[in-house]
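The chain contents come next:
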Amino acid sequence: MNISFQDKVLLITGATSGIGEALAAAAVRLGGRVMLTGRNSEKLAELQESLSPAPDSLAILAGDLADDAFRVRLVAETVERFGGLDVLVNNAGIIHSDTVAALDMAAYERVMNLNLGAVVHLSHLAVPHLEARKGNIVNVSSVAGTRAFPGILSYCISKAGTDQFTRCAALELAAQGIRVNAVNPGVVETRLHLNSGMEPAAYRNFLERSKQTHPIGRVGRPEEIADLILFLASDAAGWITGGCYAIDGGRAETCAR
Ligand SMILES: NC(=O)c1ccc[n+]([C@@H]2O[C@H](COP(=O)([O-])OP(=O)(O)OC[C@H]3O[C@@H](n4cnc5c(N)ncnc54)[C@H](OP(=O)(O)O)[C@@H]3O)[C@@H](O)[C@H]2O)c1
């Protein structure tokens, strides 16, 4: 099986770090014309330099996806720059520690607005462009979308919403020739937890413990998640829609005992 994104336009959110950064590199390698976004403009400029894309095949736009107006601008500038859109990867996300008993509604709304609101809104904005090219959407969800974990309440809800959005959108958009899928990773070593305020020592312990909580005995690598996203986004997956695919070393199959 040969996967190529030659002449395909991909919009990748959360491209400045972790899974999105690995995805950006792979998409460029496979010949895609790619728009990368995140808030960190220095990192975007560094990626533009280091990925050494073919001429005119990589664009960057820095901005905050919590902002509705930036979402509108992002889709519009992608289409203007490349003349269309084939693949939207909704990857940007944040995690936050909260429980039903200890809840900060402002933080809850921040998580929901980015992890779910931006996914729904960007997908909405992309529909006419994806329809024109029979394109597709891949959402980066989590094992926390399919299984309950204590202590990350808003994150779990946002990812469960992403999974249900994936199924609803897949049904609604199938007749327009647009596919919609999601990936549900287990723990992957990225900046996600550190950016949420987890201390480096606690994060090292968490990664160590994850060897036990993931049956395969290790955490995931960003490149592994990128490969599944790109398979789902490719023509090779032309009959796949509405799926939420676990990529988690068996994490979702475990039960506490
Ligand atoms: N790592 C894991 O264990 C794991 C497991 C399951 C699912 N996931 C999911 O994988 C996706 C990628 O996360 P990651 O692990 O690669 O984390 P990461 O290294 O922290 O990357 C997160 C990305 O999201 C972007 N982002 C965060 N807030 C943003 C905002 N307000 N506006 C625009 N962009 C924003 C960040 O860019 P800037 O900082 O430049 O804005 C960064 O590029 C997330 O949806 C996450 O929930 C991760």
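## A look at the sheet that holds strand β7 (residues 244-247)
Step number 1: Strand order in the open sheet formed by 7 strands is β3-β2-β1-β4-β5-β6-β7, and the pairing between neighbours is parallel. Both edges of this open sheet fall to β3 (58-62) and β7, since each of them pairs with a single strand only. For this sheet, the mean inter-axis angle between neighbouring strands, taken without regard to orientation, is 15 degrees.
Step number 2: Where strand β1 (residues 9-12) lies against strand β4 (residues 87-90), 3 bridges are found, and the strand directions are parallel.

## A closer look at the site of the ligand
Step number 1: Looking at the ligand, there are 31 residues lining it, with Thr16, Ser17, Arg39, Tyr155 and Thr190 nearest.
Step number 2: One nitrogen or oxygen atom from the side chain of Tyr155 is found 2.6 Å from an oxygen atom belonging to the ligand.
Step number 3: In the model, an oxygen atom of the ligand is placed 2.9 Å from a nitrogen or oxygen of the Lys159 side chain.
Step number 4: In the complex, the protein chains occlude 94% of the 880 Å² of accessible area that the ligand would expose alone.
Step number 5: Where the shell around the ligand is concerned, the elements lending two or more residues are α1 (18-29), α6 (153-173) and α7 (192-195).
Step number 6: Among the elements that take part in the shell around the ligand, α7 stands out by supplying 3 residues, more than any other.
Step number 7: Of the residues in the shell around the ligand, the class split is 12 nonpolar, 15 polar and 4 charged.

## Some points on α1
Step number 1: The first and last C-alpha atoms of α1 sit 17 Å apart over 12 residues, in line with the 16 Å expected at 1.5 Å per residue.
Step number 2: With 9 of 12 residues buried, α1 lies mostly within the body of the structure.
Step number 3: Within the sequence span of α1, burial applies to Gly18, Ile19, Gly20, Ala22, Leu23, Ala24, Ala26, Ala27 and Val28.
Step number 4: Looking one or two residues beyond α1, the residue adopting positive phi is Gly31, at roughly 90 degrees.

The rules behind the values
Residues numbered from 1 in each chain as written. Predicted model: local features only at pLDDT ≥ 70, side-chain atom pairs only at ≥ 80, totals over all residues. Heavy atoms only, no water. Pairing = 2+ DSSP bridges. Helix = DSSP H or I, 4+ residues; strand = E, 2+ residues; numbered from the N terminus. Axes fitted to C-alpha atoms, helices over the stretch in contact; angles between N-to-C directions. Near = heavy atom within 4 Å. Polar contact = N/O pair within 3.5 Å; in protein donor to acceptor, adjacent residues only side chain to side chain. Areas by Shrake-Rupley, 256 points an atom, 1.4 Å probe, with all protein chains shown as cover. Nonpolar A, V, L, I, M, F, W, Y, C, P; charged D, E, K, R; others polar. Expected span 1.5 Å × (residues − 1). Buried < 20%, exposed > 50% of the residue type's maximum accessible area, 1.4 Å probe, protein only.

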